[in-house]
Amino acid sequence: MKLALSSIAAIALIALTGCAPMPATNAAAPADKTSAPAGVMSFEIPADALGAHDPQLTAVLAKAGALAAAQKQPTTILVTALAQDFPYINQAIWKGVPAKHTVRLSLENLTAGAHQAYSVSIKPTQGG
């Protein structure tokens, strides 16, 4: 459990310090306006913290919702987990979204396959 808490602390630190989207830079890539937009943030969810509905994980998920709502363009939150975990994760994310957010948010659930990490990704909505 100590490893899970340190993992959650690291996720929380990333969530707290990653509030401003950083532009993607790649010296080898040409400046092409048709390329896919860079993600705002992405993190893995420790399985044991998810199974325990750890309060620190709940707080990090709420911060992810707040971060997504703070974006200036339509934003998609993609959750990859087992189907039985979606209600808990989705509810924790929506808790962080202010009642009067101005950006259009989309929350998508993707069922994790065998040996696939549970994760949350926040990215600009493509085509929207």
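Nothing here was measured: the structure is a model prediction, and the numbers come from that model.

Draft legend 1. Structural detail: the nonpolar core. Residues F43, I45, L61, V79, I89 and V120 are the most contacted members of the largest nonpolar core, which totals 28 residues. Looking at this core, the elements with two or more residues in it are strand 1 (41-45), helix 2 (47-52), helix 3 (55-69), strand 2 (75-81), helix 4 (86-95) and strand 4 (118-124). The leading source of residues in this core is helix 3, at 7 residues.

Draft legend 2. How the structure looks around helix 4. Within helix 4, burial applies to F86, Y88, I89, N90, A92 and I93. The inward-facing, buried residues of helix 4 abut strand 1, helix 2, helix 3, strand 2, strand 3 (105-111) and strand 4.

Draft legend 3. How the structure looks around the sheet that holds strand 3. Pairing in this open sheet of 4 strands is mixed, and the strands run 1-4-2-3 from one edge to the other. The open sheet terminates on both sides in strands that have one partner only, identified here as strand 1 and strand 3. Pairwise comparison of adjacent strand axes, ignoring direction, gives a mean angle of 15 degrees for this sheet. Sheet topology note: the strand 1/strand 4 ladder contains 5 bridges and is antiparallel. Looking at strand 4, one finds that M41 is bridged to I122. Strands in contact with helix 3 are strand 1, strand 2, strand 3 and strand 4; relative to strand 1, the strand with the most contacts, it is inclined by about 160 degrees. Sheet contacts for helix 4: strand 1, strand 2, strand 3 and strand 4; angle to strand 3, the most-contacted strand, approximately 160 degrees.

Draft legend 4. Here's a closer look at the environment of L67. For L67, the location among the structural elements is in helix 3. Here the alpha-carbon distance between L67 and I122, two residues 55 residues apart in the chain, equals 8.4 Å.

Draft legend 5. Spotlight on unusual backbone geometry. One non-glycine residue, H53, lies in positive phi territory at about 50 degrees. One can find H53 in the loop between helix 2 and helix 3. In this structure H53 comes out as partly exposed when scored by relative accessible area, which is 40%. Positive phi values are uncommon outside glycine, yet H115 reaches one of about 65 degrees. By relative accessible area, which is 88% here, H115 ends up exposed.

What counts as what
Residues numbered from 1 in each chain as written. Predicted model: local features only at pLDDT ≥ 70, side-chain atom pairs only at ≥ 80, totals over all residues. Heavy atoms only, no water. Core = buried A, V, L, I, M, F, W, Y, C linked by side-chain atoms within 4.5 Å. Buried < 20%, exposed > 50% of the residue type's maximum accessible area, 1.4 Å probe, protein only. Helix = DSSP H or I, 4+ residues; strand = E, 2+ residues; numbered from the N terminus. Contact = heavy atoms within 4.5 Å. Pairing = 2+ DSSP bridges. Axes fitted to C-alpha atoms, helices over the stretch in contact; angles between N-to-C directions.

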